[in-house]
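Residue-level listing of the chains:
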Amino acid sequence: MPSRSCANLLDMASGDILDIPQTPRALPRVMTVPGIIADGYGSNDGDSDSMSSSCRERKIIVANMLPLHAQRDTTAKKWLFSLDEDSLLLQLKDGFSPETEVVYVGSLKVDVEPSEQEEVAQRLLEEFKCVPAFVPHDIQAKFYHGFCKQQLWPLFHYMLPMCPDHGDRFDRQMWQAYVSANKIFADKVMEVVNPEDDYIWIQDYHLMVLPTFLRKRYHRVQLGFFLHSPFPSSEIYRTLPVRDEILKGLLNCDLIGFHTFDYARHFLSCCSRMLGLDYESKRGHIGLDYFGRTVYIKILPVGIHMGRLESVMNFSSTFVKAKEVQEQFKGKKVIVGVDDMDIFKGISLKLLAFEYLLQQDQNLQGKLVLVQIVNPARSSGKDVQEAKRETYSTAERINQIYGRSNYEPVILIDRPVPHSEKTAYYAVAECCVVNAVRDGMNLVPYKYIVCRQGSPGMDDAMGIKTDSPKTSMLVVSEFIGCSPSLSGAIRVNPWDSEAVAEALNVALQCLILRNNFVMRSTTAM
Ligand SMILES: O=P(O)(O)OC[C@H]1O[C@H](O[C@H]2O[C@H](CO)[C@@H](O)[C@H](O)[C@H]2O)[C@H](O)[C@@H](O)[C@@H]1O
């Protein structure tokens, strides 16, 4: 029998929760738009009632990874740190009022020797208001690469571990590591928190039992949690052996945020079926009573940060790249895809649809290009290796069958691609396709829409008249969180490659019709 010692660790925490004195409390003072949503697409429900009026002045954002780049200068034997401008965590900060102080708690992407940890921690707090949680190597491997990436990530994206090739089966040691890592993060929060005044925002599926440790220590601390991934149907979720511990972890918060109504609905149905908890509408918000507290459930879809994206659009390096891409694909229609190398992003299915399209319509051969940017994998699992192998072999096959001299139908860009370069591809491509079989939100369509709108500088670089209409098409999977918000997109079932091919064909026909129409109107003038 595997040891259940970590269950004890957690039980100690959650067990005590049963003993929390049920002092009547005022309604939790919950922030609206916790900064997750910036001034872009996706918005909160726009409430501005009394719940929003008492945002605490210091926020502690806890996430698996700090928004930092870290590099070791081996010659000078010094660490070099800088802010990771791409991190969504910085976007959270932009949503708060300027007076709000934000402290981040999380791990570094690098290993720091124990002898250097104290000095590094002091520097990061002073220079970046970051508090590093140093998770020992053995725990980290089982916590992140094990329980997070091999168990929770597949399950939350609707994949059951039916056989070893499809996610690892439940492993109590990995769960123990998950609980231990969450405790390490909780201890770090406790080092800096002022429980009377601070608001603690916990991010994502890596840290779902962290609230239990904090609630055990501070009965009255204000805790919010946001899940960036999907929350699956209760029929999937109930297969998880530690389903109750995780639900209780989340319920130890005052507010739980989800991207979509469906994810919130699934969570509520799990609370009802597994814990016998029913929800009710409280002052216009959905709330659950849990040991004398009300836990609010909110739909807070993440958006993009327009300001940051617009500034990247105006980099001279973006103009140069856009011009270069435009020249490279002159006379061809460009479809762009940007995805993480992950088994749920449906990259191979997208390639199969593209292959089918070329096979069905010979006229497109030589004239159509799919530029597929692949962000490097974060997980090292064999599932990701297999997805990568399949992506490469499908792309190679398409290029062999339909390629010619000076023409490759699939351009696979598999390296870290800077923001400016992605922006340039978005700006040039007339169609963007997101074919994920499941994704919490997916911000690619929003970025594409903004980049296609262009800017005077970008239009100038590309030789486009600013007032001339630009036609763009979006093909998106119906299984991603952002899908319902994209009313102008063509929605597809990503598993049905023939239907995706047909959708791409419709998109191309629309582009051609529209361009002919514009050309005719311009000529007539
Ligand atoms: O791979 P991880 O380190 O475990 O992180 C998980 C993913 O986090 C981010 O995506 C998630 O948040 C996005 C914004 O809310 C959402 O659009 C997406 O659906 C979520 O999965 C990150 O963008 C991914 O690269 C990570 O894999």
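Preceding block: the structure.
Overview of the structure. (Residues numbered from 1 in each chain as written. Predicted model: local features only at pLDDT ≥ 70, side-chain atom pairs only at ≥ 80, totals over all residues. Heavy atoms only, no water.)

### A few points about the packing of helix H12 (residues 347–360) against helix H13 (residues 382–402)
The line we're drawing: Only the contacting stretch of a helix is used when fitting its axis, a line to C-alpha atoms as for every element, and angles between N-to-C directions run 0 to 180 degrees. Helix and strand assignments come from DSSP, with helices taken as H or I runs of at least 4 residues and strands as E runs of at least 2, each series counted from the N terminus. Here the word oblique covers every angle except those under 35 degrees (roughly parallel), over 145 (roughly antiparallel) and from 65 to 115 (roughly perpendicular). Definitions for this section: a left-handed crossing has its near helix turned counterclockwise from the far helix by less than a right angle. A right-handed crossing has that turn clockwise. We call two residues in contact whenever any of their non-hydrogen atoms come within 4.5 Å of each other. Gly is put with the polar residues, along with every residue not named as nonpolar or charged; the nonpolar set is Ala, Val, Leu, Ile, Met, Phe, Trp, Tyr, Cys and Pro, and the charged set is Asp, Glu, Lys and Arg.
Where H12 meets H13, the axes come as close as 9 Å, and the angle between the chain directions of the two elements is 15 degrees. The pairing of H12 with H13 is recorded here as roughly parallel in orientation. In this structure, H12 meets H13 at a crossing whose hand is left-handed. Where H12 abuts H13, its residues Ile-347, Ser-348, Leu-351, Leu-352, Phe-354, Glu-355, Leu-358 and Gln-359 lie against Ala-387, Glu-390, Thr-391, Thr-394, Ala-395, Arg-397, Ile-398, Ile-401 and Tyr-402. By residue class, the composition of the contact of H12 with H13 is 10 nonpolar, 4 polar and 3 charged.

### Here's the deal with the site of the ligand
Here is the rule we go by: One heavy atom suffices: a residue is near a molecule or strand as soon as one of its heavy atoms comes within 4 Å of it. Pairing of N or O atoms within 3.5 Å defines a polar contact, subject to two protein rules: one partner must be a possible hydrogen donor and the other a possible acceptor, and residues neighboring in sequence count only if both atoms are side-chain atoms. Residue exposure ignores everything except the shown protein chains as possible cover, and the areas themselves are Shrake-Rupley values with a 1.4 Å probe.
Close contacts around the ligand come from 15 residues, with Lys-149, Tyr-205, His-228, Asp-340 and Asp-439 the closest. Within the side chain of Asp-340, an N or O atom sits 2.4 Å from an oxygen atom of the ligand. Backbone polar atom of Gly-440 to an oxygen atom of the ligand: 3.1 Å apart, as the coordinates give it. When the ligand is considered free in solution it has 560 Å² of accessible area, and contact with the protein chains removes 83% of it. For the shell around the ligand, the element with the most residues is helix H4 (residues 137–156), which contributes 3 residues.

### Focus on unusual backbone geometry
Convention followed: For every residue, the accessible area (1.4 Å probe, protein chains only) is compared with the maximum for its type, and the residue is labelled buried under 20%, exposed over 50%, or partly exposed between those bounds.
Phi angles above zero are rare outside glycine, and Lys-77 is one such case at about 50 degrees. Within the secondary structure layout, Lys-77 lies in the loop between strand E2 (68–73) and strand E3 (78–83). Here Lys-77 falls in the exposed class, since its relative accessible area comes to 63%. Residue Lys-129 is not a glycine yet carries a positive backbone phi of 55 degrees. Judged by its relative accessible area of 36%, Lys-129 falls in the partly exposed class.

### Things to note about the nonpolar core
The condition that has to hold: The set of buried Ala, Val, Leu, Ile, Met, Phe, Trp, Tyr and Cys residues whose side-chain atoms join them within 4.5 Å is what this entry labels a nonpolar core.
In terms of nonpolar packing, the biggest core is built from 93 residues, with Val-371 and Val-475 touching the most fellow members. Those residues within four positions of Val-371 in sequence are excluded, and the remaining contacts are Phe-329, Val-334, Ile-335, Val-336, Gly-337, Ile-411, Ile-413 and Tyr-425.

### So, the sheet that holds strand E8 (residues 255–258)
Heads up, the rule is: Only strands that DSSP links by at least two bridges are regarded as paired with each other.
Taken in spatial order, the 9 strands line up as E5-E4-E1-E6-E7-E8-E11-E10-E9 in an open sheet, and their pairing is mixed. Here the strands that pair on one side only, and so sit at the sheet edges, are strand E5 (130–132) and strand E9 (279–282). Adjacent strand axes in the sheet meet at a mean angle of 25 degrees, parallel and antiparallel pairs treated alike. The strands that helix H6 (residues 210–217) touches are strand E1 (58–65), strand E6 (199–203), strand E7 (222–226) and strand E11 (293–299); relative to E6, the one it contacts most, it runs at about 160 degrees. Of the strands in this sheet, E8, E9, strand E10 (285–290) and E11 are in contact with helix H9 (residues 261–275), which crosses E11 at around 150 degrees.

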